[in-house]
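Chain by chain, the residues:
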Amino acid sequence: MNPLNHVAIIMDGNGRWGLKNKNSRNAGHREGLNTVEKIIKETIKNKIKFLTLYAFSTENWKRPKKEIQFLFNLLESFLKDKIEDLNKQKIRLKIIGKKNFSTKLNSLLIKSEKKTFRNKRLQINLALNYGSKTELINAFKELRDNKEKINEKNLNKYLETRNLPDPDFLIRTGNTNRLSNFLLWQLAYSEIFFEKKLWPDFNEKDYNKIIKKYKSIKRNFGNI
Ligand code: IPE
Ligand code: IPE
Ligand code: MG
């Protein structure tokens, strides 16, 4: 059975779910939060140590201002409501991506990270304003500026995911088969599961099915 330490998820399909069920994309984003909570619980149950969730990409700034604002308001109220609870459950929250939001949201994010910094049960990496290409370019610039040798070990030091194992598998919900600039380096050898269901419809059972399937796969890493 394959060991399982790190799950990465592209939580896609909120907009379509919202339009179909409530005639509003934003309603889908709200509904998607319930799935986030379910998946966090199930991740803990499965004793997985790292969960990386793609919540907002560097490309998502192209969306209408109103939708972007709604998403950040949603995140703000989620953190205000839940951070105590996450902390009590010994969950560490880490943001990956550049925090260039409103001063208010930036400081809430920093506060949440600091508060949960010591927690060891599960680390949630929330990818916000994250883009893999930007991450890699920044890492290479660091190597150049510090005159360090270009190799995997040194590069890893400057990635947002430094100190994390690579994801064992990636799930993308929403019936779309692409990576959308997510963890391009880190996913080099991850198993990938494209899931037809939209994120708000995705549930514990679907998640556990994927975990089970992952555990049974023969991972070669180039070997035979
Ligand atoms: C993913 O759902 C959430 C974010 C990108 C914030 P989408 O909003 O992309 O949903 P669809 O793909 O339009 O249905
Ligand atoms: C990827 O979803 C980003 C997140 C889930 C946060 P998108 O819906 O933005 O991806 P594209 O634009 O369809 O590739
Ligand atoms: Mg989408």
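Draft legend 1. Just the site of ligand 1, in detail. What surrounds ligand 1 is the set M11, D12, G13, N14, G15, R16, R25, H29, A55, N60, R63 and L71. Taking G13, its main chain carries an N or O atom lying 3.4 Å from an oxygen atom of ligand 1. The fraction of the free accessible surface of ligand 1 (370 Å²) that becomes covered by protein chains is 88%. In terms of residue class, the shell around ligand 1 is built from three nonpolar, five polar and four charged.

Draft legend 2. Focus on the pattern of salt bridges. Under the definition given, this model contains 15 salt bridges. The partner of K45 in a salt bridge is E42, and the shortest N-O contact between them spans 3.9 Å. Within this pair, K45 and its partner E42 are both found in helix α2 (residues 25-45), separated by three residues, close to a single helical turn. A residue is classified by how much of its surface remains accessible, and E42, at 9% relative accessible area, is buried. The salt bridge partner of K99 is E113, with a shortest N-O separation of 3.0 Å. With K99 in the loop between β3 (91-96) and α4 (103-116) and E113 in helix α4, this residue pair connects regions lying 14 residues apart in the sequence. Judged by relative accessible area, which is 14%, E113 ranks as buried. One continuous salt-bridge network, built from bridges that share partners, spans D12, R16 and R172.

Draft legend 3. Examining the environment of L109 more closely. Position of L109 among the secondary structure elements: in helix α4. When the C-alpha atoms of L109 and K141 are compared, they prove to be 26 Å apart, with 32 residues separating the residues in sequence. Apart from the residues within four sequence positions on either side, L109 is in contact with L75, L79, I95, K99, F101 and L128.

Scoring rules and cut-offs
Here, residues in each chain are numbered from 1, in the same order as that chain's written sequence. Each chain takes a letter, starting from A, and each ligand takes a number, starting from 1, following the order in which they are written. Per-residue local features are limited, in this predicted model, to residues with pLDDT of at least 70; the limit for side-chain atom pairs, both in listing and counting, is 80 or more; totals at the level of whole chains, interfaces and linings are taken over all residues. Side-chain measures here rest on the full set of heavy atoms in the structure, leaving out hydrogens and waters. For each residue, the test is whether any non-hydrogen atom lies within 4 Å of the molecule or strand; if one does, the residue is near. We call two N or O atoms a polar contact when they sit within 3.5 Å, provided that within protein one can donate a hydrogen and the other can accept it, with sequence-adjacent residues counted only if both atoms are side-chain atoms. To be clear on the numbers: accessible area is Shrake-Rupley with a 1.4 Å probe, and residue cover counts the displayed protein chains and nothing else. Residues are grouped as follows: Ala, Val, Leu, Ile, Met, Phe, Trp, Tyr, Cys and Pro are nonpolar; Asp, Glu, Lys and Arg are charged; all remaining types, including Gly, are polar. Salt bridges are defined as contacts in which a side-chain nitrogen from Lys or Arg sits within 4 Å of a carboxyl oxygen from Asp or Glu. By the criteria applied, helices consist of DSSP H or I runs no shorter than four residues and strands consist of E runs no shorter than two, each listed in order from the N terminus. Residue exposure (1.4 Å probe, protein chains only): buried if accessible area is under 20% of the type maximum, exposed if over 50%, otherwise partly exposed. The criterion used for residue contact is that any of the two residues' heavy atoms lie within 4.5 Å.

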